[in-house]
Amino acid sequence: GVRYFVSGAGGQKPYKFTPDPTTIPRSDRGSFNHLVVVRVTDQVFEYCVIDDSGATRDGGWFGADDATDTAFAPGSCAILTSATPSRR
């Protein structure tokens, strides 16, 4: 399958978010400005959501054959603290 990341971080003020049946639930969705940092290697796709105060709101990784994501520790972004992929 194909995974889609929709960040909506285009620089406008946050707005009310209306989920659809395929949306992963989050209580803070659409309530803060942010950017998404990614690192892609031949083994892994890693991502972190950083808000406008510099706090990490979400992050994790998955390999090419993984059905689900593996989360980084809450509040951490392994991409910013490690020169090597999280998955070895």
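The residue count restarts for each chain, going from 1 along the sequence in the order it is written. At least 70 in pLDDT is required for a residue's local features to be given in this predicted model, at least 80 for side-chain atom pairs to be given and counted, and no such filter applies to totals for whole chains, interfaces and linings, which use all residues. Each side-chain value is worked out from all heavy atoms of the structure, with water and hydrogens disregarded.

Caption draft 1: The sheet that holds strand β1 (residues 34-40), seen in detail. Pairing within the open sheet is antiparallel, and its four strands lie in the order β1-β2-β3-β4. Across the chains shown, the open sheet's two edge strands, defined by having one partner strand only, are β1 and β4 (70-71). Pairing analysis gives two bridges linking strand β3 (residues 56-63) to β4, with the strands arranged antiparallel. By the bridge assignment for β4, Gly60 is matched with Ala71. Should DSSP find at least two bridges between two strands, the strands are taken to pair. Secondary structure elements follow DSSP: runs of H or I no shorter than four residues count as helices, runs of E no shorter than two count as strands, and numbering proceeds from the N terminus.

Caption draft 2: Structural detail: the confidence of the model for the protein. pLDDT is defined as a per-residue confidence score from the predictor, taking values between 0 and 100. Averaged over the protein, the pLDDT score is 78; the fraction of residues at 70 or greater is 67%. Mean pLDDT values over the elements of the protein span from 84, in helix α1 (residues 78-81), up to 91, in strand β2 (residues 44-51).

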